[in-house]
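Here is what each chain is made of, one letter per residue.
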Amino acid sequence: MTLTMLMNELAEHRREHPTDDLTSALVHNDLGEDMLAPHEIAPFFILLAVAGNDTTRTATTLGMQLLAENPDQRAIWQADVDAVTPTAVDEVAAPVTFMRRTVTHDLELSGQDFAAGDKLILFYGAANRDPRMFDDPEHFDVRRDPNPHVGFGGPGPHFCLGAHLARRELSVVFRQLFARLPDIEVVGDAVPLEAMGIPLVGGIKHLPVRFTPTARVGA
Ligand code: HEM
């Protein structure tokens, strides 16, 4: 509610006093009927805040836990960060649990009949472990290539808007972790995220780690 009010107030202000920021671009453009309606601005802002924050944060933690569980894979990644990072980030970039879709017309899919209006859920974790698509799908493999995962959604208009940014962020985070805290290690049990039902961005609330502090860059 607080975020909604904050964004509505900002949008209102930018309508009268545009600047060169994103909010001004959202309320002043020539997209016609494709332009976001006033009541859509706050949900869009919250979508960006959650989609761009919870995901990469959780992927970092899940990645750290996977590295602790698979020390051989950590050794491979850490030994050649430049070469392995591009494939490794895709192997950890899958924290989103599910999305829901509404069927728009009657169809049969994988032997199931669906009628227009039916709701269905896409479980990304199941698709990302489909043995028809992946060799040894349960194995955490930082050099998996090709990696046709759908952690950023399937092809189509809703494919993750921030997929490239997310890959970049994860590359930078793990590169910096290995460079500056090379002995970082998990030292306790992960505390899972609690949610009513299945969390949309699944995973870990806390993961205790230990590392030898290094000097701040530039200090
Ligand atoms: C590891 C990080 C990330 C993962 C795993 C992820 C995953 C996803 C998934 C599964 C979807 C839904 C696709 C669908 O409905 O078919 C999605 C949509 C979206 N993501 Fe990401 N995301 C990540 C990072 C980001 C970042 C950093 C941003 C932006 C700063 C972002 C912005 C969005 C937006 C705006 C949508 C909605 C697109 C639409 O429905 O038109 N995501 N993401």
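Preceding this paragraph is the structure being described.
Given the structure is predicted, the values throughout are model-derived calculations rather than measurements.

Caption draft 1: Focus on helix α1 (residues 2-16). Its 15 residues place the ends of α1 22 Å apart at the C-alpha level, agreeing with the 21 Å of an ideal helix rising 1.5 Å per residue. Every buried residue belonging to α1 is among Met-7, Ala-11 and Arg-14, and all of these are buried. Relative to the axis of α1, the buried residues are bounded by an arc of 65° and lie together on one face. Residues of α1 that are exposed and point more than 90 degrees away from the buried face comprise Thr-2, Glu-9 and Glu-16. The inward-facing, buried residues of α1 contact α2 (22-27) and α3 (38-51).

Caption draft 2: Representation of the pattern of salt bridges within the structure. What the rule picks out here adds up to nine salt bridges. Across the salt bridge formed by Arg-57 and Asp-54, the nearest N and O atoms sit 2.2 Å from each other. Residue Arg-57 and its partner Asp-54 are both found in helix α4 (residues 54-69); the two are separated by three residues, about one turn of the helix. When the shortest N-O distance is used, the salt bridge between Arg-167 and Asp-90 registers 2.9 Å. Placement of Arg-167 in helix α8 (residues 163-180) and of Asp-90 in helix α6 (residues 81-92) is noted, with a sequence separation of 77 residues between them.

Caption draft 3: Layout of the coordination of the iron atom of the ligand. Among protein atoms, the single one acting as a donor to the iron atom of the ligand is Cys-160 (SG), 2.3 Å away. Here Cys-160 is to be found in the loop between α7 (124-127) and α8.

Cut-offs and rules
- Residues numbered from 1 in each chain as written.
- Predicted model: local features only at pLDDT ≥ 70, side-chain atom pairs only at ≥ 80, totals over all residues.
- Heavy atoms only, no water.
- Helix = DSSP H or I, 4+ residues; strand = E, 2+ residues; numbered from the N terminus.
- Expected span 1.5 Å × (residues − 1).
- Buried < 20%, exposed > 50% of the residue type's maximum accessible area, 1.4 Å probe, protein only.
- Arc of directions from axis to C-beta.
- Contact = heavy atoms within 4.5 Å.
- Salt bridge = Lys/Arg side-chain N within 4 Å of Asp/Glu carboxyl O.
- Donors = N, O, S within 2.8 Å, 3.2 Å for Na, K, Ca; no water.

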